[in-house]
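Listed here are the chains, written in short residue letters.
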Amino acid sequence: MMPARLQRTLLTLAGAVVAVLLAVAISSVAILAAGASPITALEAMFDFGDTQAQVVTAFAFIVNRAVPLFIAGLAVAIGFRMNLFNIGVEGQYRIAAIVAAFVGSQFVLPGPIQITLIVVVAMLVGGLYALIPAVLKVTRGVNEVISTIMLNYIAINLAAFLVRGPFTGEREAGQLTTSTPQLPESAWFPNLNFLFEMFGLPAPRGGLWGFLTVAILVGVIIWVVLERTRFGFEVKASGLNASAALASGVNPKRMVISAMVLSGAIAGLIGMPEILGRTHAYGSNFTAGLGFLGIAVALLGRNKPVGIAVAALLFGFLDRAAAPLQFADIPPSVIAIIQGTIVLLVVIANEITSRVSMRQEERRAARQLDTTSQAQAEVAA
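Heads up: these notes are all about the structure in this document. (Residues numbered from 1 in each chain as written. Predicted model: local features only at pLDDT ≥ 70, side-chain atom pairs only at ≥ 80, totals over all residues. Heavy atoms only, no water.)

1. A few points about the pattern of salt bridges
Consideration 1: A full pass over the atoms with the stated rule returns 8 salt bridges.
Consideration 2: For Glu90, the salt bridge is made with Arg94, and the minimal N-O distance between the two is 2.8 Å. With Glu90 and Arg94 both in helix α4 (residues 89-104) and 4 residues apart, this pair spans about one turn of that helix. Of the two residues, Glu90 and Arg94, neither departs from the other in class, the shared state being buried.
Consideration 3: Connected through salt bridges with shared partners, the residues Arg81, Glu227 and Lys304 form a single ionic network. (Salt bridge = Lys/Arg side-chain N within 4 Å of Asp/Glu carboxyl O. Helix = DSSP H or I, 4+ residues; strand = E, 2+ residues; numbered from the N terminus. Buried < 20%, exposed > 50% of the residue type's maximum accessible area, 1.4 Å probe, protein only.)

If you want it as structure tokens, here you go:
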């Protein structure tokens, strides 16, 4: 008989695959309604170019897009493990990014130290901003969904004010956007273009962000912390049943604060790949919406680092496909339809597979109970 753990894994994978296929089918209807061909759209989505340079650049774009989404998914997943809905990841990473970018531009140190200090500042700011809704929840019972949504608006508008006011750097004549002062070259994170050059491939245009290595390291650390430590067990136990956790010696209020601060600290890293690897400053056109997309990525990845990584790559692939679709005269809004449909169907699939797994566990437990009862009866006879 197949082990229960393997059976649950296969059910989860099957549910995700079916959800993606159904999302493609539903999106095909939307494409037909727009007067285009689903086959043409599919061909455009998988068109990575005709030359090696184009293919490599497309691959680098997907990975670069997936890196911040992966970190965002991890930040959201930490809260989900505690049954906390940290909707404030969007605001936490925006305020952390602008503060870290400004602080990092004010001094020059050796590269590793400079980059480390910028990353630490980002994590501290993100964690401290997430501390606000955590304290409100444990002291006043304020729902974290409401408080984090309101704090998002504060953080977004505060960042907009700072980048146009106190944190503004030098602005060239005719430049429409404003930004913080440029980071010194010692704060530029080295790219990973050598990985392509090792195989005789051309370097991608824009480069492969070196922060990918940090994202992988963070993913491994989060997996160890949540799956292999007492802290991870206490987070999960407090989320499942706060009263039972309290009876077993776990302080649920302390766990709420710990989980939210850790989630905010990870959220603070979301903007670092772009700032350290591409723009080297926080500008008024800084990439927005990564925190909200992180919710979808975490749901799609079932709050597991490996699943979140796959989901982030899928979203990166879909985001890259927007440009080829536009060249094929297909509305790029199709991508948003696909992403939304996938998330909705995966949530439904997760609920179905969870119920199926629960019923299988109940049947397995019933069979074991029957076997034990029969054995006891035979011994008594």
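2. With respect to the packing of helix α3 (residues 52-81) against helix α11 (residues 252-267)
Consideration 1: Across the interface, α3 lies against α11 with an axial gap of 8 Å and an inter-helix angle of 175°. As judged from the angle between their axes, α3 and α11 are roughly antiparallel. In this structure, α3 contributes Ile71, Leu74, Ala75, Val76, Ile78 and Gly79 to the contact, and α11 contributes Ala259, Leu262, Ser263, Ile266 and Ala267.
Consideration 2: Residue classes in the contact of α3 with α11 are distributed as 9 nonpolar, 2 polar and no charged. (Axes fitted to C-alpha atoms, helices over the stretch in contact; angles between N-to-C directions. Parallel < 35°, antiparallel > 145°, perpendicular 65-115°, else oblique. Contact = heavy atoms within 4.5 Å. Nonpolar A, V, L, I, M, F, W, Y, C, P; charged D, E, K, R; others polar.)

3. Observations concerning unusual backbone geometry
Consideration 1: You will see that Arg302, though not glycine, has its phi angle at about 55°, which is positive.
Consideration 2: The topology assignment puts Arg302 in the loop between α13 (290-300) and α14 (305-320).
Consideration 3: You will see that Asn303, though not glycine, has its phi angle at about 65°, which is positive.
Consideration 4: Within the secondary structure layout, Asn303 lies in the loop between α13 and α14.

4. Looking at empty space enclosed by the protein
Consideration 1: Here the structure, examined in full by the defined rule, presents 1 cavity of 30 Å³ or more.
Consideration 2: The calculated volume of the largest cavity comes to roughly 30 Å³.
Consideration 3: Along the walls of the largest cavity sit Thr168, Gly169, Glu170, Arg171, Gln175, Thr177, Thr178 and Ser179, which together make up its complete lining. (1 Å grid on protein atoms, 1.4 Å probe; cavity = no way out; pocket = protein on both sides within 12 Å on 5 of 7 lines; lining within 4 Å. Points joined across faces, edges and corners; volume = space filled by probe spheres on them.)

5. Re the nonpolar core
Consideration 1: Within the largest apolar cluster, 88 residues are counted, with the highest numbers of intra-cluster contacts made by Met272 and Tyr282.
Consideration 2: Among the elements that make up this core, the one with the highest residue count is α3 (16 residues).
Consideration 3: Sequence-distant contacts of Tyr282, that is, excluding residues within four places in its chain, are made with Arg94, Ala97, Ile98, Ala101, Ala159, Val163, Thr178, Ser179, Thr180 and Ile275.
Consideration 4: If you look at the next biggest cluster of nonpolar residues, it comprises 12 residues, including Ala134, Val138, Ala245 and Val256. (Core = buried A, V, L, I, M, F, W, Y, C linked by side-chain atoms within 4.5 Å.)

6. As for the packing of aromatic side chains
Consideration 1: Going through the model one piece at a time under the given rule, you end up with 8 aromatic pairs.
Consideration 2: Ring geometry for Phe102 against Phe167: centres 4.0 Å apart, planes inclined by 5°, an arrangement best described as stacked. Of this pair, Phe102 sits in helix α4 while Phe167 sits in the loop between α6 (144-164) and α7 (194-197), and the two are 65 residues apart along the sequence. In this structure, Phe102 and Phe167 share a single accessibility class: buried.
Consideration 3: Through pairs of rings, three or more aromatic residues link up here, namely Phe46, Phe48 and Phe317. (Phe/Tyr/Trp six-rings, centres within 6.5 Å; stacked < 30°, edge-to-face > 60°.)

That's the geometry; what it means functionally is another story.
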